Amino acid sequence: MSRALLLAAAALFVAAPAFAETVAITNAKIETVGPAGEIANGTVVIKDGRISAVGAGVKAPAGARIIDAEGKVVTPGLIAASTNLTVAEVDGVKETRDDQSGGKLGAAFDVQYGVNPASTLIPLARQGGVTRAMVTPIAGRGFGGDEEDNLVTETAGAGDGLAPAAGLFAGQAAAVRLSANDTDPVFKTRAAMVVDLGDAGARIGGSHAGSLILLRSALADVRAYAAHKDAYERGQSRAYALPREDLEALIPVVEGKMPLLVRTSRASDIRQVLKLAREEHLKLIIEGAEEGWLVAPELAAAGVPVLIDTEADLPDQFESLGSRLDNAARLQAAGVTVAIEGSRDFDNLRQARFNAGTAVANGLPYGAALAAVTINPARIWGLADRIGSIEVGKDADVVIWSGDPFETTTYPTAVFIAGAEQPKGTRGLELRDRYAKPADGMPSAYH
Amino acid sequence: MGALALLAGCETTDGAKPATPPASSSAAAHEQKALPRGLDASLNPDPFPSTYTPMPSRPTAIVGANILTAAGQEIDGGVVVMAENRILAVGPAGTAVPAGAVVIDGKGKWVTPGVIDAHSHLGVYPSPAVQAHSDGNEATDPNTAYVWAEHSIWPEDPGFDRARAGGVTTLEVLPGSANLFGGRAAIVKNVPAITEQAMKFPGAPYGLKMACGENPKRVYGSKGRSPSTAMGNVAGYRKGWIDAADYTRKWDDYHAKVSKGEKAEPPKRDLTLDTLSGVLRGDIRIQNHCYRADEMATMIAISHEFGFHIAMFHHASEAYKIAPLLAKEGICIATWADWANFKMESYDGIEANAALAHRGGVCVVIHSDDPIITQHLNQEAAIAMGAGNRIGLKITEAEAIAWITANPAKAIGVLDKTGTLEPGKMADVVLWSADPFSIYAKADKVFIDGALAFDRFDPRYQPKSDFELGQPGEGAFQ
């Protein structure tokens with residue numbers, strides 16, 4: 001990360017609320033995902049919202065609330081590497097969707113303005129051990145549902161009146177803290193610019209090639225605009241394919257300060273994007289990358305990280321014919337920084353940790369899988385100085401698990417975000433408890 | 001509670017009753033004037049017969065594995081013997097192994113019946129999901145009971161191979177949920193084949209896909225047609241059953257007259273009403289996409305009005321709200337572990353749905369409706385079981401394994417043939433690398449009718465679709 005970007009990122013951090021409570025989690029098997037590695041039996045001390053101590057020989061400070069983990073596993077909070085959590089409540093209900101501009105904006109669209117801390121899905125995500133979310137927009141897709149429901153698709157991003165080049169850009173991502181009662185949960189804005197290429201891009205650009213040409217052309221416009229703003233304001237520039245607000249939003253991308261997150265799948269498309277990034281000096285993140293294993297050395301050499309779904313093993317499109325369950329293992333072995341995500345379907349947020357387990361079952365070392373849902377997404381998104389591992393000085397995002405965090409029947413017994421222990425309730429658990437009660441003759445609405 | 005007791009919750013008619021005409025009808029029809037076979041469904045109940053034959057196999061014994069029979073038992077370090085396509089024996093250590101049998105060391109591994117996915121769209125919505133392959137929804141009329149999913153199945157769908165590697169040996173492939181009456185389901189054995197008929201499960205009854213809720217009313221409402229509301233949906237079902245009852249009566253009258261040697265005018269055959277009539281006669285099972293508790297209750301009332309039985313509610317996100325009703329009616333539910341919130345009718349879906357319904361005496365099935373989830377139904381079942389055990393429901397693996405084996409077999413009508421590890425049944429068997437309820441478990445070997453259909457460590461038993469030859473990855477996916 002460049003020095004300039006570090007400074008910019010620091011400026012964009014919103015201070016987490018401070019919590020006075022000091023907590024010591026003792027007798028824990030601590031997966032620090034930091035330099036200390038795994039601590040077979042140790043203590044984590046949380047003070048003023050930060051990790052103040054971690055280790056085998058650490059003593060609980062006087063006055064601290066002690067939580068005896070009874071040998072259970074403690075990990076950093078999981079980070080959803082790319083999600084629409086907090087900007088969407090019900091996938092099939094348009095009015096609840098703030099993860100797309102509805103075809104009205106391109107690069108200027110910014111998810112930060114739609115973040116809803118009252119989403120019922122935030123407590124659900126916490127019950128999966130997820131403490132932070134990277135909220136990324138989409139360029140438009142179906143308001144979907146069950147698998148068989150795929151006969152109705154909408155392509156909102158294809159743009160009512162947007163020029164194709166503008167419609168390529170989904171907009172800007174933000175980082176969100178998933179604490180309860182947090183009215184200002186966005187802690188990093190403009191974290192990346194998102195663009196859908198591949199088949200999704202082709203729906204806008206006409207073909208895989210067309211969308212790349214539009215992207216190159218748009219970047220050229222941005223450079224021209226940035227260099228000659230005065231002329232633009234005087235109405236003396238050539239016509240640009242993007243409106244002013246999009247050009248402005250893209251300046252940090254061409255300056256290499258804001259990462260460009262590209263969603264693409266096919267090996268040849270990944271190579272094209274790597275070439276583009278090299279030529280344009282872009283900071284690149286690739287999401288999807290189903291055929292990433294075929295390009296692993298190039299990705300590693302370019303230092304480009306990937307966000308992948310480790311369940312993807314179907315040749316579900318012609319652009320993903322090479323999908324494999326060991327994609328993560330092969331990428332990691334080649335030296336690529338891998339973050340593992342769940343499906344974007346909200347409840348499947350919990351799927352990210354199971355996907356990490358699936359990656360382990362398919363050859364990814366356990367420690368690498370843990371990193372892929374904690375420190376790696378933090379690194380990829382430029383947040384590793386604050387979150388992603390249990391290290392002294394970092395925000396105290398800590399989860400105590402009932403067992404191996406990747407296992408099917410494991411659940412968090414306590415979740416801390418920035419030092420505050422989180423409530424355990426979810427809407428789903430309230431429903432469960434209402435109907436788990438024996439019938440007493442009164443309608444369940446009274447329970 | 002054992003799995004057997006649970007199964008009693010699914011009080012459904014077992015097995016297929018072929019729609020046979022009255023005994024004397026063919027003789028009488030000869031005297032009168034024989035109808036061409038294609039004009040009388042009762043003369044022609046199976047126009048697309050199964051041509052399935054089991055793959056070559058050798059007598060095989062798996063020795064030393066932990067066995068979940070799905071009939072309520074867990075046998076640690078036991079023996080499963082397969083011979084001549086059937087389960088020959090299941091028992092504790094020391095159970096006799098026939099001379100000459102291939103012996104597989106199962107120590108540290110687990111054995112279950114083959115996984116059955118009761119809600120699949122493999123073949124009808126295959127990979128790659130291009131428009132040319134989008135054959136799952138005949139979304140042209142709210143009643144398309146005349147279509148049969150088997151005619152949309154592309155046997156080369158690479159998804160079948162992935163599902164098999166996840167232990168899936170039998171699938172119910174359903175039409176989509178665009179329509180009130182979506183069409184007939186196809187039940188297939190998950191073997192590589194060139195034709196659907198060569199996969200078709202011998203002797204399995206037909207199912208009829210129906211759909212409640214948002215999909216039909218949205219699809220047709222958006223075309224300015226009925227149904228456009230939930231009440232329009234219900235009117236559409238009732239109209240269909242009225243027509244079917246009338247049609248059934250006309251054919252019964254015709255056959256009665258013919259059998260008495262009286263002159264009779266045959267009704268005109270109607271493919272839509274053939275299928276609905278098959279339901280009223282108890283030959284075809286209703287597989288009903290329905291999320292909400294209130295809508296399930298309405299469908300049950302309709303079943304009472306017209307005298308048929310609903311085999312299973314699929315998705316059934318709110319089954320936990322009406323477990324006693326479902327148990328009383330003997331209706332199974334097929335659901336996910338926790339896929340919810342994606343539309344209003346799934347908004348109340350909860351992780352404990354399956355567990356609460358199960359403890360309420362309902363026959364519970366964990367289904368996929370998805371080509372990825374179908375590959376790890378074992379883990380879905382584990383998540384659903386865990387959600388129940390967090391509130392003290394004490395559901396054992398011996399019980400929960402039935403959610404993806406015996407119970408779907410019951411619901412789709414093949415429990416007399418497969419779904420448990422019991423002597424005499426089809427030898428559909430999975431050898432797992434670990435406890436199948438673990439995220440780390442992989443299917444090491446999958447047997448279908450006693451034949452080794454998949455072996456994780458032997459490329460000779462990793463079949464590849466024609467489509468995948470010469471492609472990146474060559475069809476290797478793990």
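Since the structure is predicted, the reported quantities are computational estimates derived from the model, not experimental observations.

Which residues make up the overall build of chain B, and what values do they have?
Each helix and strand counted, chain B has 12 helices and 16 strands in total. Here the C-alpha atoms of chain B give a radius of gyration of 22 Å, agreeing with the 23 Å that 2.2 N^0.38 yields for 478 residues. Counting every position in chain B, which comprises 478 residues, the buried fraction comes to 58%. Counting contacts in chain B only where the partners sit at least 6 residues apart, residues at least 24 apart contribute 72% of the total.

Please set out the overall build of chain A residue by residue, giving values where relevant.
When helices and strands are tallied, chain A shows 14 helices and 18 strands. For chain A, buried positions account for 60% of its 447 residues.

If you had to explain the packing of helix H5 (residues 208-227) of chain A against helix H7 (residues 244-254) of chain A to someone new, which residues and values would you point to?
Residues and elements named next belong to chain A. Two elements in contact, H5 and H7, have axes separated by 9 Å at closest approach and are oriented at 100 degrees. Classified by the interaxial angle, the pair formed by H5 and H7 is roughly perpendicular. The residues of H7 that touch H5, namely those facing Leu219, Asp221, Val222, Arg223, Tyr225 and Ala226, are Leu247, Leu250, Ile251 and Val254. Within the contact of H5 with H7, the residues separate by chemical class into 8 nonpolar, no polar and 2 charged.

I'd like a description of the sheet that holds strand S9 (residues 174-177) of chain A, backed by residues and values.
One key point about sheets: their strands pair by backbone hydrogen bonds, in either a parallel or an antiparallel sense. Residues and elements named next belong to chain A. Strand order across the open sheet formed by 4 strands is S6-S7-S9-S10, with mixed pairing between neighbours. Either end of the sheet is taken by a strand with one partner, and the two such strands are strand S6 (78-83) and strand S10 (186-188). This sheet shows a mean twist of 30 degrees between the axes of neighbouring strands, independent of strand direction. Relative to strand S7 (residues 130-135), S6 runs parallel, the two sharing 4 bridges. The residue bridging Ile79 from the neighbouring strand is Arg132, located in S7.

Can you tell me about the interface of chain A and chain B, naming the residues and giving the values?
Between chain A and chain B, the residue contacts involve 50 residues of the former and 55 residues of the latter. Counting only elements with at least two residues in the side of chain A that touches chain B, the list comes to helix H11 (351-361) and helix H14 (427-436) of chain A. Residue classes in the side of chain A that touches chain B are distributed as 21 nonpolar, 13 polar and 16 charged.

Describe the sheet that holds strand S10 (residues 284-290) of chain B, with residues and values.
All names here are of chain B. Spatial ordering of the open sheet is given by S6-S7-S8-S9-S10-S11-S12-S13, a layout of 8 strands whose pairing is mixed. What marks the edges here is a single partner per strand, and that holds for strand S6 (115-120) and strand S13 (364-366). Going from strand to strand, the sheet's axes swing by 25 degrees on average, the running direction of each strand aside. Here 4 bridges tie strand S8 (residues 181-189) to strand S9 (residues 206-211), and the two strands are oriented antiparallel to one another. Bridging across to S9, Ala185 finds its partner in Gly207.

Mind laying out the pairing of S8(B), listing which residues take part and the relevant values?
Residues and elements named next belong to chain B. For S8, the tally of buried residues reaches 9 of 9 residues, placing the bulk of the element in the interior. In terms of strand pairing, strand S7 (residues 168-173) meets S8 through 4 bridges, oriented antiparallel. Each bridged residue has a counterpart across the sheet, and for Leu171 the counterpart in S8 is Val188.

Describe helix H5 (residues 230-259) of chain B, listing the residues and the values that go with them.
Residue and element names in this part refer to chain B. Taking 1.5 Å of rise per residue, the 30 residues of H5 would be expected to cover 44 Å, and the 44 Å separating its terminal C-alpha atoms lies within 8% of that figure. Inspection of H5 places Asn233, Tyr237, Gly240, Ala244, Tyr247, Trp251, Tyr254, His255 and Val258 among the buried residues, and these make up the whole buried set. Immediately downstream of H5, the backbone of Gly261 shows phi near 80 degrees, a positive value.

I'd love a proper account of H14(A), names of residues and values included.
All of the buried residues along H14(A) are A:Gly428, A:Leu429, A:Leu431, A:Arg432 and A:Tyr435. Buried residues of H14(A), viewed axially, fall in a sector of 155 degrees; they line one side. Packing partners of the buried residues in H14(A) comprise helix H2 (121-126) of chain A together with helix H9 (353-359) of chain B.

How would you explain the confidence of the model for chain B if you had to name every residue and give the values?
Residue and element names in this part refer to chain B. With 93% of its residues at a pLDDT of 70 or more, chain B shows a mean pLDDT of 93. Ranking the helices and strands of chain B by mean pLDDT puts strand S14 (residues 429-432) first, with 99, and helix H1 (residues 3-7) last, with 36. Low pLDDT, under 50, characterises residues 1-30; the stretch is placed with 76 contacts to residues that sit more than four places away or in other chains.

So what about the packing of H5(B) against helix H6 (residues 271-280) of chain B? Which residues, and what values?
Residues and elements named next belong to chain B. At a minimum axis separation of 9 Å, H5 and H6 run at an interaxial angle of 85 degrees. Classified by the angle their axes make, H5 and H6 are roughly perpendicular. Taken together, the residues of H6 that come into contact with H5 (itself represented by Gly240, Trp241, Asp243, Ala244, Ala245, Tyr247 and Thr248) are Leu273, Leu276, Ser277 and Leu280.

Tell me about unusual backbone geometry, residues and numbers included.
The omega torsion across B:Ser127 and B:Pro128 is -10 degrees, close enough to zero to call that bond cis. Mapping B:Pro128 onto the fold places it in the loop between S6 and helix H3 (158-165). Positive phi, close to 55 degrees, is recorded for A:His281, a residue that is not glycine. Assignment of secondary structure puts A:His281 in the loop between helix H8 (267-280) and strand S13 (284-288).

Requested: an account of the pairing of S7(A), with residues and values cited.
Residue and element names in this part refer to chain A. Of all 6 residues in S7, 6 are buried, a share of seventy percent or more. On the question of chirality, the crossover connecting S6 to the parallel S7 by way of H2 is right-handed. Sheet analysis places S7 next to S9, joined by 4 bridges and oriented antiparallel. Of the residues in S9, the one forming a bridge with Arg132 is Arg177.

Describe the confidence of the model for chain A, listing the residues and the values that go with them.
When pLDDT is averaged along chain A, the result is 90, and 90% of the positions lie at 70 or above. Within the model, the stretch residues 141-160 of chain A combines pLDDT values under 50 with 61 contacts to residues more than four positions away or in other chains.

Residue-level account of the nonpolar core, with values.
Counting 141 residues, the largest nonpolar core has B:Val80, B:Val173, B:Met312, B:Ala319, B:Ile333, B:Ala357 and B:Val365 as the members making the most contacts within it. Here this core takes 7 residues from helix H10 (residues 377-389) of chain B, the largest share from any one element. Filtering out sequence-adjacent residues up to four positions away, B:Val365 remains in contact with B:Ala118, B:Met312, B:Cys332, B:Ile333, B:Ala334, B:Trp403, B:Asn407, B:Pro408 and B:Ala411. Formed by 136 residues, the second largest nonpolar core is a distinct cluster that contains A:Ile138, A:Phe169, A:Ala174 and A:Ala339.

Which residues make up the environment of A:Val130, and what values go with them?
Residue and element names in this part refer to chain A. Take Val130: it is sitting in strand S7. With 163 residues separating them in the primary sequence, Val130 and Trp293 have C-alpha atoms 27 Å apart. When residues no more than four places from it in sequence are discounted, the contact partners of Val130 are Gly77, Leu78, Ala80, Ala125, Leu178 and Leu349.

If you had to explain the environment of B:Asp46 to someone new, which residues and values would you point to?
The topology assignment puts B:Asp46 in the loop between helix H2 (25-32) and strand S1 (60-68). Once the C-alpha coordinates of B:Asp46 and B:Val81 are considered, the two residues, 35 residues apart in sequence, prove to be 33 Å apart.

Calculation criteria
- Residues numbered from 1 in each chain as written.
- Chains lettered and ligands numbered in written order.
- Predicted model: local features only at pLDDT ≥ 70, side-chain atom pairs only at ≥ 80, totals over all residues.
- Helix = DSSP H or I, 4+ residues; strand = E, 2+ residues; numbered from the N terminus.
- Rg over C-alpha atoms; globule rule 2.2 N^0.38 Å.
- Buried ≥ 20, exposed ≤ 12 C-beta atoms within 10 Å, placed from the backbone.
- Contact = placed C-beta atoms within 7 Å.
- Axes fitted to C-alpha atoms, helices over the stretch in contact; angles between N-to-C directions.
- Parallel < 35°, antiparallel > 145°, perpendicular 65-115°, else oblique.
- Nonpolar A, V, L, I, M, F, W, Y, C, P; charged D, E, K, R; others polar.
- Pairing = 2+ DSSP bridges.
- Expected span 1.5 Å × (residues − 1).
- Arc of directions from axis to C-beta.
- pLDDT = per-residue confidence, 0-100.
- Right-handed = clockwise from strand over helix to strand, strands pointing away.
- Core = buried A, V, L, I, M, F, W, Y, C linked by C-beta atoms within 7 Å.

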